[in-house]
Amino acid sequence: MHTPRLLFRPLTEADFAEVLALGNKVHGENYLNPENLADYYERGQTENGRNLHWLAFSDDKLAGIRLTFAPGKWDVDQYCTPSAWPFAAEELCYFKCSAVDYDVQGAGIGRSLLMHSIVEAQGARCKGGLAHIWRQSPNNSAFEYFTRCGGELIADHGKRWLQASLEDGYYCPVCDGDCYCTAAEMLLRFT
């Protein structure tokens, strides 16, 4: 039996084509596009030179992505409940997106990517990270994974990605088009 060789490294602009393909394979067509990925990339760069985005490769093939926004580079919107957070938004990174190729799920790649991002975020003085977790992921696996990693549920928000499906061309694979999925607003403390 072949044991794959895993390699983890920060995202670079040279990786965009592969990241787009894997992100859209897992999350649905147009979840990532060249414009928003370029924006997301910049949001993951901290003032002290840290890159919060990480990639995993299995035998030199892209197997997982973790996109994370630096403090002050993400929006507190109507799907956020800052009054329930133990830290100010300026002390939190935002876990924007995680995707692991179906062929290698269950091997700890998602958790390892998260840990790499956390180490970099701690270096940027973050005390925790916020995420909106896709409740309708297969078998609610995204919620289960983030909970096992220490994530605490803050609130559920219905129709979190509806605007993206109506205005930005995002195609939800669960709703078969316009997205009515629920997001679990979750916070992961680093200390």
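Right above here is the structure, for reference.
Residues numbered from 1 in each chain as written. Predicted model: local features only at pLDDT ≥ 70, side-chain atom pairs only at ≥ 80, totals over all residues. Heavy atoms only, no water.

**Q** So what's going on with the layout of surface pockets? Residues and values would help.
**A** Empty space within the largest pocket amounts to approximately 820 Å³. The wall of the largest pocket is formed by 37 residues, among which Ser98, Ala99, Ser141, Ala142 and Tyr145 lie closest to the centre. Those elements that place two or more of their residues in the lining of the largest pocket are helix 1 (16-27), strand 4 (92-100), helix 3 (109-123), strand 5 (128-134) and helix 4 (141-148). When residues in the lining of the largest pocket are grouped by element, the largest group, seven residues, is from strand 4. By residue class, the composition of the lining of the largest pocket is 23 nonpolar, nine polar and five charged. By volume, the second largest pocket amounts to about 610 Å³. Within the residue set of the lining of the second largest pocket, elements represented by two or more residues are helix 2 (34-43), strand 4 and helix 5 (162-167). The dominant element in the lining of the second largest pocket, judged by the number of residues it contributes, is helix 2, at three residues. In terms of residue class, the lining of the second largest pocket is made up of ten nonpolar, six polar and six charged. (1 Å grid on protein atoms, 1.4 Å probe; cavity = no way out; pocket = protein on both sides within 12 Å on 5 of 7 lines; lining within 4 Å. Points joined across faces, edges and corners; volume = space filled by probe spheres on them. Helix = DSSP H or I, 4+ residues; strand = E, 2+ residues; numbered from the N terminus. Nonpolar A, V, L, I, M, F, W, Y, C, P; charged D, E, K, R; others polar.)

**Q** Now, about the packing of aromatic side chains: what can you tell me, with residues and values included?
**A** In the structure shown here, the tally under the stated rule is nine aromatic pairs. Their ring planes at 50° and their centres at 5.9 Å tell us that Trp74 and Trp85 sit as a pair that is tilted. Placement of Trp74 in the loop between strand 3 (61-69) and strand 4 and of Trp85 in the loop between strand 3 and strand 4 is noted, with a sequence separation of eleven residues between them. Take Trp74 and Trp85: they sit in the same class, and that class is buried. Taken together, a centroid distance of 5.3 Å and an interplanar angle of 25° make the contact between Trp74 and Tyr94 stacked. With Trp74 in the loop between strand 3 and strand 4 and Tyr94 in strand 4, this pair connects stretches of sequence that are 20 residues apart. (Phe/Tyr/Trp six-rings, centres within 6.5 Å; stacked < 30°, edge-to-face > 60°. Buried < 20%, exposed > 50% of the residue type's maximum accessible area, 1.4 Å probe, protein only.)

Limitation: the analysis is restricted to geometry and does not speak to function.
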